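# A closer look at the structure
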Amino acid sequence: MNAERFLNDLNHLRSFGASGVGKGVVRPAYSEPDIAARKWLAERFAEAGLRVETDEMGNLFGLADAPSLLMGSHSDSQPEGGWLDGALGVIAALEVARSSRETGGPAISVVSFQDEEGRFGVTTGSAVWAGHLSLAEADLLTDHAGIPLVQARHAIAGMVTGPVDATQFQGFIELHIEQGPTLDQSGEQIGVVTDIVGIRDMKMTFEGQQNHAGTTPMHLRKDAFQAVSAFNTALNERFRNVVTPSTVWTVGHLSLHPNASSIVPGKAVFSMQWRDGDVDRLSRMEQIVRNTAEEIAQERDMALTFGPLLGLEPVVMDARLRQALMRGAQDIAPGEWREMPSGALHDATNVSRLMPVAMLFVPSIGGISHAFEEDTDEADLVAGVSVLVRAIRHLA
Ligand code: GLV
Ligand code: MN
Ligand code: MN
């Protein structure tokens, strides 16, 4: 691999939507910086001798001659995102494709999936590509501002070439930052992923009565925020008997209406997300979420609505691809790598419906991600790409 070329491209991608705070980026799916980044990536793919194709979702492919191994990740970011989440996997794949071509190695295709970060759904672009979600279903999803996906997609219409056939790919490998504390704390350089957790994600709404914050006695209020607060407290209590130390749940988005200091809020729309490696546990948690919310709504005489339940099942990584990554890890970082599960979601989950998949992690400094502070040592970034290069040789 050419480490300098790889790091230059990785740093250049950061300029699209640079937040001005640390190395952070603001590059949500279909935003102007996201599209500019995809156009720049398309040029890099073409320069590397790959055929550029973009499907209707905006998933961007650089295709080698078939059959090939697919590598990549995503180039969209969270509303406040780090520079490596997704971007690392895309630029690493590009570098592996280039270096493999230059040295007569196996054919490598590259992808940057769209909306992995879930402005509209959960890993929306790869979910549609892999058939987990139909385009018609996805089009109805809305972001937090109420904009439907079908409308946002207009912004990439000019880039679309058509569907990309998955049968040309022999497998999929995704390099990603760990986004958690494990490797950083152990001082190891590489994680070979064993499996990816499952997720459930749902919008919920409590509706009461908007009213005056000075004159409305407490016992007469139908305060939507108080309902969310009571729901959250009860939920944490009831989850206790069901969860394990690796189960996680989050209310990450909350919108109060009309969101003013002197108004008892009449409406609260919020996100409820939970993740675990066990499908039964995910279902039991869903029942608790629904029952608890219904009880709170009834007690407080409020309306309750649930949005569509989005989700991805837990998946196990392919043994053969994983073996190749482990051999690569042992070549590059002998004794300084481990096998580990992924608590973050990845496009690999969706792609596993179509072909064998595997994933590789490098450390996140301080375990921080989905924040502008996200970073990884350059030596670890380069080591990750080197492991990929070794792994495709082992596979070949
Ligand atoms: C993907 O970014 C996730 O939320 O795990
Ligand atoms: Mn990611
Ligand atoms: Mn992410």
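Note: the structure precedes this text.
Note that the structure is predicted; figures quoted are calculated from it, not measured.

With that settled, consider a nonpolar patch on the surface. Together, Phe225, Val251 and Leu254 line one region of the surface with nonpolar side chains, adding up to about 210 Å² of accessible area. Following the sequence through the fold, Phe225 ends up in helix 8 (residues 224-239). On the accessibility criterion, Phe225 (33% relative accessible area) is partly exposed.

Relative to the helices and strands, Asp55 resides in the loop between strand 1 (51-54) and strand 2 (60-63). Assessed through its relative accessible area of 7%, Asp55 is described here as buried. In this structure the C-alpha to C-alpha distance between Asp55 and Trp129, which are 74 residues apart in sequence, comes to 8.3 Å. Discounting residues that sit within four places of it in the chain, Asp55 has contacts with Phe61, Trp129, Ile156, Val160, Gly162 and Pro163. For Asp55, the side chain forms a polar contact with the main-chain nitrogen of Met57, separated by 3.1 Å. Of the polar contacts made by the side chain of Asp55, one reaches the side chain of Asn59; its length is 3.0 Å.

Glancing now at the coordination of the manganese ion (ligand 3). For the manganese ion (ligand 3), the full set of protein donor atoms is Asp85 (OD), Glu117 (OE), Glu117 (OE) and His370 (NE2), and the range of their distances to it is 2.1 to 2.4 Å. Each donor residue of the manganese ion (ligand 3) belongs to the same chain, and together they define the spacing D-x31-E-x252-H. A spacing of 3.5 Å is found between the manganese ion (ligand 3) and the manganese ion (ligand 2), which share Asp85 as a donor. Residue Glu117 is located in the loop between strand 4 (108-113) and helix 4 (124-129), and its partner His370 is located in the loop between strand 17 (357-362) and helix 12 (378-395); the two are separated by 253 residues in the primary sequence. Accessibility expressed as a relative area gives 14% for Glu117, which makes it buried. Overall, the relative accessible area of 40% leaves His370 in the partly exposed class.

Turning next to the site of ligand 1. Residues in contact with ligand 1, as listed here, are Glu116, Glu117, Arg275, Ala344, Leu345 and His370. The separation between an oxygen atom of ligand 1 and a polar side-chain atom of Glu117 is 2.7 Å. Note that an oxygen atom of ligand 1 is positioned 2.7 Å from one of the backbone N or O atoms of Leu345.

By the element assignment, Phe239 lies in helix 8. Here Phe239 falls in the buried class, since its relative accessible area comes to 0%. In the structure, Phe239 is positioned 49 residues away from Ile288 in sequence and 7.4 Å away in space, judged by C-alpha atoms. Excluding anything up to four places from it in sequence, Phe239 contacts Trp249, Met285, Ile288 and Val289.

A few words now on the packing of helix 1 (residues 3-14) against helix 2 (residues 32-47). Contact pair helix 1 / helix 2: the axes reach a minimum separation of 10 Å and the direction vectors enclose 160°. Taken as axis vectors, helix 1 and helix 2 run roughly antiparallel relative to one another. Between helix 1 and helix 2 lies a crossing of right-handed hand. Along its contact with helix 1, which presents Asp9, His12 and Leu13, the element helix 2 presents Ala37, Trp40 and Arg44. Among the residues forming the contact of helix 1 with helix 2, the class breakdown is 3 nonpolar, 1 polar and 2 charged.

Here is what the cut-offs are and how they apply
Residues numbered from 1 in each chain as written. Chains lettered and ligands numbered in written order. Predicted model: local features only at pLDDT ≥ 70, side-chain atom pairs only at ≥ 80, totals over all residues. Heavy atoms only, no water. Patch = residues over 30% accessible without salt bridge, like charges linked within 9 Å, V, L, I, M, F, W, Y side chains within 5 Å. Areas by Shrake-Rupley, 256 points an atom, 1.4 Å probe, with all protein chains shown as cover. Salt bridge = Lys/Arg side-chain N within 4 Å of Asp/Glu carboxyl O. Helix = DSSP H or I, 4+ residues; strand = E, 2+ residues; numbered from the N terminus. Buried < 20%, exposed > 50% of the residue type's maximum accessible area, 1.4 Å probe, protein only. Contact = heavy atoms within 4.5 Å. Polar contact = N/O pair within 3.5 Å; in protein donor to acceptor, adjacent residues only side chain to side chain. Donors = N, O, S within 2.8 Å, 3.2 Å for Na, K, Ca; no water. Near = heavy atom within 4 Å. Axes fitted to C-alpha atoms, helices over the stretch in contact; angles between N-to-C directions. Parallel < 35°, antiparallel > 145°, perpendicular 65-115°, else oblique. Left-handed = near helix turned anticlockwise from the far one by under 90°. Nonpolar A, V, L, I, M, F, W, Y, C, P; charged D, E, K, R; others polar.

By themselves, these are just geometric observations and shouldn't be taken as functional.
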